[in-house]
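Read off the chains here:
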Amino acid sequence: MIRVENIHKSFEENQVLKGISTVFEKGKTSLIIGASGSGKTVLLKCLLGLFQPDEGTIYYEDKAIGIMDDEEHRELREEIGMLFQGGALFDSMTIEENVMFPLRMFTRQKKSEMLDRVNEVLARVKLENVNKRFPAEISGGMQKRVSIARAIVNKPKYLFCDEPNSGLDPRTATIIDNLIQEITHEYNMTTVVVSHDMNSVMEIGESIVLLKDGVLVWEGTNQDIFSTDNKDVTEFVYSSELFKKIREVQQKEG
Amino acid sequence: MVITNLIKDIGSYFIMLKRVFSGFTKGSVLKELIFKEIDDLIIGSLGIVAFISFFVGGVIAIQTALNLENPLIPKSLIGFATRQSMILEFAPTFISIIMAGKMGSFITSSIGSMRVTEQIDALDVMGINSLNYLVFPKIVALMLFPLLIALSMFLGITGGYLAGVYGGFTSTGEFVAGLQDSFEPFHLTYAFIKTFVFAFILATVPSWQGYFMKGGALEVGKASTNSFVWTSVLIILSNYIITQLLLS
Ligand SMILES: Nc1ncnc2c1ncn2[C@@H]1O[C@H](COP(=O)(O)OP(=O)(O)O)[C@@H](O)[C@H]1O
Ligand SMILES: [Mg+2]
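Presented here is a report on the structure given in the accompanying data block. (Residues numbered from 1 in each chain as written. Chains lettered and ligands numbered in written order. Predicted model: local features only at pLDDT ≥ 70, side-chain atom pairs only at ≥ 80, totals over all residues. Heavy atoms only, no water.)

### A look at the overall build of chain B
Then, number 1: A tally of regular secondary structure across chain B gives 10 helices and 0 strands.
Then, number 2: Principal-axis analysis of the C-alpha atoms gives chain B an extent of 70 × 45 × 35 Å.
Then, number 3: Considering chain B as a whole, with its 248 residues, one finds that 48% of them fall into the buried category.
Then, number 4: The contacts in chain B between residues at least 6 apart in sequence include a share of 86% that link residues at least 24 apart.
Then, number 5: Surface summary for chain B: the accessible area is close to 11,500 Å², and the carbon and sulfur share equals 72%.
Then, number 6: Treating the 14 positive side-chain charges of chain B as one cloud and the 14 negative ones as another, the clouds have centres 7 Å apart. (Helix = DSSP H or I, 4+ residues; strand = E, 2+ residues; numbered from the N terminus. Buried < 20%, exposed > 50% of the residue type's maximum accessible area, 1.4 Å probe, protein only. Contact = heavy atoms within 4.5 Å. Areas by Shrake-Rupley, 256 points an atom, 1.4 Å probe, with all protein chains shown as cover. Lys, Arg positive; Asp, Glu negative; His and termini not counted. Charge placed at Lys NZ, Arg CZ, Asp CG, Glu CD.)

Encoded structure:
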């Protein structure tokens, strides 16, 4: 479980987050949705500790990250997996080396043990026979899978995903979304997914927060999202570009 | 405005250096990274350094010979001039400037593209000190840079010898006499002190330009150009300062 309390974050004059409070629960995929520029990535980077909030507190379980010592920070980092928007695979390493990287950095396992675990997670994301290839040699969808494999290889308690299906065709996007949700349940992780995609909302929106201009304007589930008459929600859900996307998916899936 | 930006830039460089030498990456991983950098930066530059040095040494010998019209000046000046130019300036300073283009743009663009594709964020999220991970191995690898410079000196003089003797400008005996003429070992010390300073500049300045860049692929190209300007200016300035301190 991750709890955020009254997070504020500005960049010089630009107030990006204006007092965000919410809870991301364990064993669930929580979605942060909102238009481009609404502050989703900045919120995610605050959760990750890549940005220091100007005000407010972030709790992992019941421990505020602000008061953790270096050792506790280090331990927390090892419990975090992150899936970046572009995959962020290390292009100088093979797929196998990419996925093994967290194990090499943080565990004292033998090479053969690490390799077994790497193959296990690669199989879990349905990737086989790509071990020796380089990221540039596989498709975008496959890169995302590798990135998921790397994020979960060290059995994290927390998984963060920034726009996991950006740049993917709708069908692949759905597969990736579902994979994230399944793995969240399997590993009983606290998963936070940033998206601006209504398709993700439909697929994996167990718990949704909507950001608008750095303010949390609505919280609920994908059941609630179509019944609410919250103006910000309807504005977001029925913006035409998103609807086009939904239609595309439906057509593709026949 | 220009001044405050400059101060900010210089500040960020020193903050970077401090972080490079803290939060060390796991030893076994670091060792591998160092070998990879030696391969990319040092081994990968052998060919071009050898090629340039050999031919420039030859040109220095020929130019010196062609300017020796006065019969009172001994032919041994050809060997002498080749040795002095190669050891004092060409090998340490000009090879470093050329490497500012070759290694420097390689370092800036590889770190810069890791920045724009969030690979550096990925390291940071894992709790790895990305500056130590990326920059420290480059600094260690470039501690071998003096070997490249030594090779440059050797091949430059060899090139001068071959051009001088086989071009019919001088004899082996005269050339060797020139090489030995009033040789000051301290000149070699001076050259290698410079070389170490330039090596440190070559490893850190382009890394700094790449690490703190913002934007996308286009900006990676601009950062590489900036990196070359900064690196070569700093090499020239430190060359001046070191020469002033050590030789005058
Ligand atoms: N590192 C940064 N420095 C300055 N401003 C930033 C930085 N990161 C994001 N911003 C600004 O924060 C705002 C929200 O960005 P972001 O969180 O990336 O939006 P999105 O919801 O599309 O992910 C934007 O106005 C952006 O310019
Ligand atoms: Mg974003």
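### A word on the site of ligand 1
Residue and element names in this part refer to chain A.
Then, number 1: In the region of ligand 1, the neighbouring residues are Phe11, Asn14, Val16, Ala35, Ser36, Gly37, Ser38, Gly39, Lys40, Thr41, Val42 and Phe51.
Then, number 2: At 3.4 Å from an oxygen atom of ligand 1 is found a side-chain nitrogen or oxygen belonging to Asn14.
Then, number 3: Within the contact set of ligand 1, an oxygen atom lies 3.2 Å away from a backbone nitrogen or oxygen of Ser38.
Then, number 4: Relative to its unbound accessible surface of 560 Å², ligand 1 loses 61% to contact with the protein.
Then, number 5: When residues of the shell around ligand 1 are traced back to their parent elements, those giving at least two are β2 (14-24) and α1 (40-48).
Then, number 6: Broken down by element, the shell around ligand 1 gets its largest block of residues, 3 residues, from α1.
Then, number 7: The residue makeup of the shell around ligand 1, split by class, is 5 nonpolar, 6 polar and 1 charged. (Near = heavy atom within 4 Å. Polar contact = N/O pair within 3.5 Å; in protein donor to acceptor, adjacent residues only side chain to side chain. Nonpolar A, V, L, I, M, F, W, Y, C, P; charged D, E, K, R; others polar.)

### Some words on the sheet that holds strand β10 (residues 215-220) of chain A
Residues and elements named next belong to chain A.
Then, number 1: With respect to topology, 6 strands assemble into an open sheet ordered β6-β7-β8-β3-β9-β10, the strand pairing being mixed. The open sheet has two free edges, formed respectively by β6 (80-83) and β10, since each of these has just one partner strand. The sheet shows a mean angle of 15° between the axes of neighbouring strands, taken without regard to direction.
Then, number 2: Bridge count for strand β3 (residues 29-33) against strand β8 (residues 190-195) is 5 bridges, and the pairing is parallel. From the neighbouring strand, Ile32 faces β8, where its bridge partner is Val194. (Pairing = 2+ DSSP bridges. Axes fitted to C-alpha atoms, helices over the stretch in contact; angles between N-to-C directions.)

### Quick notes on the pairing of β8 of chain A
Residue and element names in this part refer to chain A.
Then, number 1: Where burial is concerned, most of β8 is hidden: 6 out of the 6 residues are buried.
Then, number 2: Side-chain alternation along β8 places Thr190, Val192 and Val194 on one buried face and Thr191, Val193 and Ser195 on a second face that is also buried.
Then, number 3: Note that strand β7 (residues 158-162) and β8 share 5 bridges and pair parallel. If you follow Asp162 over to β8, its bridge partner there is Val194.
Then, number 4: With respect to chirality, the unit in which β7 leads through helix α6 (residues 170-187) into the neighbouring parallel β8 is right-handed. (Right-handed = clockwise from strand over helix to strand, strands pointing away.)

### Topic: the interface of chain B and chain A
Then, number 1: Listed per partner, the contact involves 18 residues of chain B and 21 residues of chain A.
Then, number 2: Between chain B and chain A, the buried area comes to about 1,700 Å², and carbon and sulfur atoms account for 62% of it.
Then, number 3: Counting across the interface, chain B meets chain A through 2 salt bridges.
Then, number 4: Put simply, chain B and chain A have 6 residue pairs in polar contact (both at pLDDT 80 or more) between them.
Then, number 5: For the side of chain B that touches chain A, the leading source of residues is helix α5 (residues 119-125) of chain B, giving 6 residues.
Then, number 6: Counted by class, the side of chain B that touches chain A contains 8 nonpolar, 5 polar and 5 charged residues. (Buried area = accessible area lost by both parts, 1.4 Å probe. Salt bridge = Lys/Arg side-chain N within 4 Å of Asp/Glu carboxyl O.)

### Description of the sheet that holds strand β5 (residues 63-64) of chain A
Then, number 1: Spatially, 4 strands are ordered β2-β1-β4-β5 (chain A) in an open sheet, and the strand pairing comes out antiparallel. Both edges of this open sheet fall to β2 and β5 of chain A, since each of them pairs with a single strand only.

### Looking at the nonpolar core
Then, number 1: Core analysis: the largest hydrophobic core is formed by 94 residues, its most contacted members being Leu47, Tyr60 and Phe160 of chain A together with Phe145 of chain B.
Then, number 2: Take this core: its biggest share by element is 13 residues, from helix α4 (residues 77-116) of chain B.
Then, number 3: Setting aside residues no more than four positions away along its own chain, Tyr60 of chain A makes contact with Met1, Ile2, Leu47, Leu48, Ile65, Met68, Leu76, Ile80, Tyr158 and Phe160 of chain A.
Then, number 4: The next biggest cluster of nonpolar side chains, apart from the first, holds 42 residues, and it includes Met100, Val118, Ile138 and Val146 of chain A. (Core = buried A, V, L, I, M, F, W, Y, C linked by side-chain atoms within 4.5 Å.)

### Considering the environment of Ser53 of chain B
Residues and elements named next belong to chain B.
Then, number 1: In this fold, Ser53 is placed in helix α3 (residues 46-66).
Then, number 2: The class for Ser53 is buried, based on a relative accessible area of 0%.
Then, number 3: For Ser53 and Ile95, which are 42 residues apart along the polypeptide, the C-alpha to C-alpha distance reads 8.2 Å.
Then, number 4: Not counting chain neighbours up to four residues away, the residues in contact with Ser53 comprise Met86, Phe90, Ile95, Ser152, Leu155 and Gly156.
Then, number 5: At 2.7 Å, the side chain of Ser53 and the backbone oxygen of Val49 are in polar contact.

### Structural notes on the pairing of β3 of chain A
Successive residues of a regular strand alternate their side chains across the two faces of the sheet.
All names here are of chain A.
Then, number 1: Where burial is concerned, most of β3 is hidden: 5 out of the 5 residues are buried.
Then, number 2: Along β3, one buried face is formed by Thr29, Leu31 and Ile33 and the opposite face, lined by Ser30 and Ile32, is buried too.
Then, number 3: As judged from the 4 bridges shared by β3 and strand β9 (residues 207-212), these two strands associate in the parallel manner. Directly across from Ile32, in β9, lies its bridge partner Val209.

### Here we look at the state of the cysteines
All names here are of chain A.
Then, number 1: This structure, assessed with the given rule, holds 0 disulfides over all chains.
Then, number 2: Note on Cys161: no disulfide assigned, nearest cysteine sulfur contributed by Cys46 at a separation of 17 Å.
Then, number 3: By relative accessible area, which is 0% here, Cys161 ends up buried. (Disulfide = S-S within 2.5 Å.)

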